[in-house]
Amino acid sequence: MSELVKDKSLVIPGEALFEGMDYLPGPGTYRNDKKIVSKYLGVAEFKNNRLVRVIPLKGKYIPRENDFVIGYISRVSHAIWQVDLNSPYEGILPLSEGTEEFIDLNEKSLEDFYDIDDTIVVKIKKVTQTKDVQLTMKDRRAKKLIGGRIIEISHTKVPRLIGKSGTMVGTIKDKTGCVIIVGQNGRVWLKGNNEELAVRAIKKVEAEAHTSGLTDKITHWLDEESKKVK
Amino acid sequence: MAKGLDIKLIKNGKRLDGRDMEEMRPLKMELGVLDRADGSAAIELGETKVIAAVYGPTKLHPQHRQQPKKAVLSVRYQMLPFSTTDRCRPGPNRRSIEIGLVIKKALEPIIFLEEFPRADIQIEIEVIQANASTRVTGLTAASLALADAGIPMKGLISACAVGKIQDKLILDVAGAEDSYGGADFPIAMINGGDEITLLQLDGDLNQKEMKPALDLAQKGCKILFDQQKNVLKNTYKVGDQK
């Protein structure tokens, strides 16, 4: 009945984290008899005296329901769009989920809405057991992205880039004046006059994601960098 | 395996390369040696040098190989032309296909394949320089590369070979011991001895030698496992989070 590793410490696959039945095995862990064991090379977290989980350091994005992701249209067929999600699994956006309006396919084609290589922010509606991913645009935040640029970061660093209730990305938005959309799949869309600085800030957050007090550090760094430009 | 040749493999109680019976060759491990791969690792065990890379999970092609409920492992083991004393012809051959398959079967039980239905996990093992024990070193490197790629695993695999020369059991077969020794017994274990996931035997061991040979292999796997743990924990340091 004890914790075998410290909270927030680095653990390796197969390392026992907790002995006893007081905690539940969370994401990234499994139960082996009375022990909770890590599945990943990652950081162990003990949550609210209930749950142990491991946040992996690396890995591919696996689609989860209700995530907002940035995707590229990879194929257009009769009544669906296929969307590349920076993941082993492609998303399917059916015609009925693509738009609110009625479409007469005799008059319009699907390319008029989203063509190949178009970039969209899209919500994951459903993920089946065999990882068929159904997407939907029927959400306030889902839209087609026009202009701007996209960078890719590791999806495991996305929570850090967003920060507690959006503080980190909020700071970068304020200081650079860019519009930034962060997809859970690690794709980040930016548009604004100061894109270059924002990209550097995001790369800095990704590189130093494991350090503490990062939001303050980035605020300070952005102030100094903007002074240099002037 | 040539037998009956009268070559003294033990001199003054030491092996030909000056090691004790239960001593491993100098060991070096490195993680993340390749930037392009999702995960990679390199291991040097004496003169045996192996590099392993992992790609995936990715979409599996051709589609008919896809499994609806789990991921498929594709393992390729290859010896580079300059890895041996006689140049070895590049490309797959009977031996490399077999070893690739054996390594695949050894890795399957430790990976949570059911988390990635229909996907493919590609593992590439390249032997840069060979001096016996390449399959076990390749397997150890592959399990490190898998951990580096962020693939969910039950634990790590460490593997070593036990041999027999002049009726004495030896750890980590090398050089002439492989060519003229009495047995080559490669063993892979999960987490340094929890479970055995690969066991082959070339040559012969009698009933009495079996148990000590397994104990010796476990000792070797433990050494490898400790080193694996160290390299994983030291490559990625997590800063002080207050």
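Residues numbered from 1 in each chain as written. Chains lettered and ligands numbered in written order. Predicted model: local features only at pLDDT ≥ 70, side-chain atom pairs only at ≥ 80, totals over all residues. Heavy atoms only, no water.

## Re the overall build of chain B
In step 1: Scanning chain B for helices and strands turns up 4 helices and 12 strands.
In step 2: A globule of 242 residues ought to have a C-alpha radius of gyration of about 18 Å, and chain B, at 18 Å, matches this closely.
In step 3: Overall, the C-alpha framework of chain B stretches about 55 × 50 × 35 Å when taken along its three principal axes.
In step 4: For chain B, buried positions account for 51% of its 242 residues.
In step 5: Sequence separation of at least 24 residues holds for 68% of the intrachain contacts in chain B that already meet a minimum separation of 6.
In step 6: Here chain B contributes 34 positively and 32 negatively charged side chains, and the mean placements of these two sets differ by 2 Å. (Helix = DSSP H or I, 4+ residues; strand = E, 2+ residues; numbered from the N terminus. Rg over C-alpha atoms; globule rule 2.2 N^0.38 Å. Buried < 20%, exposed > 50% of the residue type's maximum accessible area, 1.4 Å probe, protein only. Contact = heavy atoms within 4.5 Å. Lys, Arg positive; Asp, Glu negative; His and termini not counted. Charge placed at Lys NZ, Arg CZ, Asp CG, Glu CD.)

## Points about the domain arrangement of chain A
Size of an interface: often given as the accessible area lost when the parts come together.
Residues and elements named next belong to chain A.
In step 1: Taken domain by domain, chain A holds domain 1 (2-56), domain 2 (68-145) and domain 3 (149-229).
In step 2: Centre-to-centre, using C-alpha coordinates, domain 2 lies 27 Å away from domain 3.
In step 3: Contact with domain 2, which involves 12 residues of that partner, is made by 9 residues of domain 3.
In step 4: Run the count over domain 2 and domain 3 and you get 1 salt bridge.
In step 5: The partner of Arg 187 in a salt bridge is Asp 84, and the shortest N-O contact between them spans 2.8 Å.
In step 6: Summed over the shared surface of domain 2 and domain 3, the number is 6 residue pairs in polar contact (both at pLDDT 80 or more).
In step 7: Listing elements by their share of the side of domain 2 that touches domain 3, those giving two or more residues are strand 9 (68-76), strand 12 (119-127) and strand 14 (143-145).
In step 8: In the side of domain 2 that touches domain 3, the residues fall into 7 nonpolar, 3 polar and 2 charged. (Domains from an automatic or database assignment. Salt bridge = Lys/Arg side-chain N within 4 Å of Asp/Glu carboxyl O. Polar contact = N/O pair within 3.5 Å; in protein donor to acceptor, adjacent residues only side chain to side chain. Nonpolar A, V, L, I, M, F, W, Y, C, P; charged D, E, K, R; others polar.)

## Details of the pairing of strand 8 (residues 51-56) of chain A
All names here are of chain A.
In step 1: In this structure, strand 4 (residues 24-25) lies alongside strand 8, joined through 2 bridges in parallel fashion. For Leu 24, the partnering residue across the bridge sits in strand 8 and is Leu 51.
In step 2: With 6 bridges joining them, strand 7 (residues 42-47) and strand 8 adopt antiparallel strand pairing. When the bridges of strand 8 are listed, Glu 45 appears paired with Arg 53.
In step 3: Between strand 7 and strand 8, which pair antiparallel and follow one another directly, the connecting turn spans 3 residues, one of which, Asn 48, has a positive phi of 45°. (Pairing = 2+ DSSP bridges.)

## Details of the interface of chain A and chain B
In step 1: Chain A puts 27 residues into the contact, and the matching count from chain B is 33 residues.
In step 2: In total, about 2,600 Å² of surface goes out of reach between chain A and chain B, with carbon and sulfur atoms giving 58% of it.
In step 3: In this assembly, chain A and chain B are joined by 6 salt bridges.
In step 4: For Glu 90 of chain A, the salt bridge identified is with Lys 59 of chain B, shortest N-O distance 3.6 Å.
In step 5: The tally of links between chain A and chain B comes to 13 residue pairs in polar contact (both at pLDDT 80 or more).
In step 6: When grouped by side-chain class, the residues that make up the side of chain A that touches chain B number 12 nonpolar, 7 polar and 8 charged. (Buried area = accessible area lost by both parts, 1.4 Å probe.)

## Digging into the sheet that holds strand 6 (residues 35-38) of chain A
Hydrogen bonds along the backbone pair up the strands of a sheet, which may run parallel or antiparallel.
All names here are of chain A.
In step 1: Reading across from one edge, 1-3-6-5 is the order of the 4 strands in this open sheet, with antiparallel pairing throughout. In this open sheet, the two edge strands, each paired with only one partner strand, are strand 1 (2-3) and strand 5 (29-32).
In step 2: Sheet analysis places strand 3 (residues 16-19) next to strand 6, joined by 3 bridges and oriented antiparallel. Counterpart to Glu 19 in the pairing with strand 6 is Lys 35.

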